[in-house]
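One-letter residues, chain by chain:
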Amino acid sequence: MRYFRASPAVYASICAQLDEAYGYPNAETKTERTLPLATELPSDSSGRVYLAVDAAYCDFILPGQMLPELIASGAVEEIDAAACAAAVNRKP
């Protein structure tokens, strides 16, 4: 697994790019989107959303150098499992 966090705006932008690249929503397959909505994901007190993704899925779904570029720019932060678990299990 790989773990990430990003602002809701960055996450929404990534989702929109992926949905366009993969032709979602797709009425034939009834597939709505590539990734869950930001509102469905855990977030921290800064509003950043957290996402855990199978490593193979990351390589498959993200075209070209998209993920390395997002990480290098600081728009998306790759974190470890403990940081993600802390965000997911926090109490409101």
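Here, the structure is the one placed above.
Residues numbered from 1 in each chain as written. Predicted model: local features only at pLDDT ≥ 70, side-chain atom pairs only at ≥ 80, totals over all residues. Heavy atoms only, no water.

Details of the nonpolar core
Core analysis: the biggest nonpolar cluster contains 16 residues, and Phe 4, Tyr 11, Ile 14, Leu 35, Leu 51 and Val 76 have the highest contact counts within it. When contributions to this core are tallied by element, the ones reaching two or more residues are strand S1 (2-6), helix H1 (8-22), strand S2 (49-53) and helix H3 (66-73). Element by element, the count of residues in this core is highest for H1, at 4 residues. Sequence-distant contacts of Val 76, defined by excluding residues within four places in its chain, comprise Phe 4, Arg 5, Ala 6, Val 10, Ile 14, Leu 70 and Ile 71. Core analysis: the second largest hydrophobic core is formed by 5 residues, Tyr 3, Tyr 50, Cys 84 and Ala 87 among them. (Core = buried A, V, L, I, M, F, W, Y, C linked by side-chain atoms within 4.5 Å. Buried < 20%, exposed > 50% of the residue type's maximum accessible area, 1.4 Å probe, protein only. Helix = DSSP H or I, 4+ residues; strand = E, 2+ residues; numbered from the N terminus. Contact = heavy atoms within 4.5 Å.)

Comments concerning the pattern of salt bridges
Here the structure, examined in full by the defined rule, presents 4 salt bridges. Glu 77 is the salt-bridge partner of Arg 5, the closest N and O atoms lying 2.8 Å from each other. You can see Arg 5 sitting in strand S1 and its partner Glu 77 sitting in strand S3 (residues 76-79), a full 72 residues away along the chain. Judged by relative accessible area, which is 16%, Arg 5 ranks as buried. Measuring nitrogen to oxygen at the nearest pair gives 4.0 Å for the salt bridge that ties Arg 48 to Glu 77. Of this pair, Arg 48 sits in the loop between H1 and S2 while Glu 77 sits in strand S3; the two residues are 29 residues apart in sequence, bridging distant segments of the chain. Look at Glu 77 and you get partly exposed, because its relative accessible area is 34%. When salt bridges with common partners are traced through the structure, they connect Arg 5, Asp 44, Arg 48 and Glu 77 into a single cluster. (Salt bridge = Lys/Arg side-chain N within 4 Å of Asp/Glu carboxyl O.)

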